[in-house]
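Close look at the chain arrangement
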Amino acid sequence: QVQLVQSGGGLVQAGGSLRLSCAASGRTFSYYAMGWFRQAPGKERQFVAAISRSGGSTYFADSVKGRFTISRENAKNAVYLQMNTLKPEDTAVYYCAASHKVVRGTDLLTAYDYWGQGTQVTVSS
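A brief look at the structure comes next. (Residues numbered from 1 in each chain as written. Predicted model: local features only at pLDDT ≥ 70, side-chain atom pairs only at ≥ 80, totals over all residues. Heavy atoms only, no water.)

Notes on the side chain of S52
Within the element layout of this structure, S52 appears in the loop between β5 (46-51) and β6 (58-60). Taking relative accessible area as the criterion, S52 reaches 4% and is therefore assigned buried. From its side chain, S52 meets the backbone nitrogen of G56 in a polar contact 3.2 Å long. Apart from the residues within four sequence positions on either side, S52 is in contact with A33, S57, R72, V103, R104 and G105. (Helix = DSSP H or I, 4+ residues; strand = E, 2+ residues; numbered from the N terminus. Buried < 20%, exposed > 50% of the residue type's maximum accessible area, 1.4 Å probe, protein only. Polar contact = N/O pair within 3.5 Å; in protein donor to acceptor, adjacent residues only side chain to side chain. Contact = heavy atoms within 4.5 Å.)

Overview of the state of the cysteines
A full pass over the atoms with the stated rule returns one disulfide. Across the disulfide, C22 is cross-linked to C96 (sulfur-sulfur distance 2.1 Å). The chirality of the disulfide connecting C22 with C96 is right-handed, given an S-S dihedral of about 55°. Taken together, the residues span a long stretch of sequence, with C22 in strand β3 (residues 18-26) and C96 in strand β9 (residues 92-99) at a distance of 74 residues. One exposure class covers both C22 and C96, and it is buried. (Disulfide = S-S within 2.5 Å.)

Topic: the environment of S63
Structurally, the position occupied by S63 is in the loop between β6 and β7 (68-73). Given the relative accessible area of 40%, S63 is considered partly exposed. In sequence terms S63 and V48 are 15 residues apart; their C-alpha atoms lie 8.1 Å from each other. Within the local environment of S63, its side chain forms a polar contact with the side chain of R38, the two groups lying 3.5 Å apart.

Looking at the nonpolar core
In this structure, L4, M34, W36, L81, M83 and Y94 are the most contacted members of the largest nonpolar core, which totals 36 residues. Where this core is concerned, the elements lending two or more residues are β1 (2-8), β3, β4 (33-39), β5, β7, β8 (78-83), β9 and β11 (119-124). Ignoring sequence-local partners within four residues, the contact set of M34 consists of L4, C22, F29, A49, A50, I51, I70, R72, V79, A97, A98 and Y112. (Core = buried A, V, L, I, M, F, W, Y, C linked by side-chain atoms within 4.5 Å.)

Section: the sheet that holds β7
Strands sit in the order β1-β3-β8-β7 across an open sheet of four strands; the sheet is antiparallel. Two strands in the sheet have a free side with no partner beyond their single neighbour: β1 and β7. Looking at each pair of strands side by side, their axes are set apart by 15° on average, direction ignored. By the bridge criterion, six bridges tie β3 to β8 in an arrangement that is antiparallel. Bridge pairing links R19 to Q82 in β8. (Pairing = 2+ DSSP bridges. Axes fitted to C-alpha atoms, helices over the stretch in contact; angles between N-to-C directions.)

Things to note about the pattern of salt bridges
Following the criterion strictly, the structure yields five salt bridges and no others. A salt bridge links D90 to R38, with the shortest nitrogen-to-oxygen separation between them at 2.9 Å. One end of the pair, D90, is in the loop between β8 and β9; the other, R38, is in strand β4, with 52 residues separating them in the sequence. Each of the two residues, D90 as well as R38, counts as buried. Two residues, K101 and D113, come together in a salt bridge whose shortest N-O distance is 2.2 Å. You can see K101 sitting in the loop between β9 and β10 (114-115) and its partner D113 sitting in the loop between β9 and β10, a full 12 residues away along the chain. Through salt bridges that share partners, R38, R67 and D90 make up one connected network. (Salt bridge = Lys/Arg side-chain N within 4 Å of Asp/Glu carboxyl O.)

Structure (structure tokens):
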């Protein structure tokens, strides 16, 4: 079992930045690839970014590539999503997720076993 607790998020103007954090407890954090997903009202949850167990490989949705960065600190059992140049269309509830099924990270929602509680990100125009 892994428990994921998210922090960060909030309201920001377009062009601004936010950093989301996700703290894990339970089993060994480095056994899990980590991902971030988001869900806007009335829409399906969609992939944002993923990072491999070691942190050596990262993956991004095309919509955030070049603006968002994912990182992790295995010694601190934490993963982060740095969001820059935010746009109104980035507004959503953001979720971190952990997968022990994959090593390198994945955009497949069903590959993730544990989910954080979600945190609201609102970008005003």
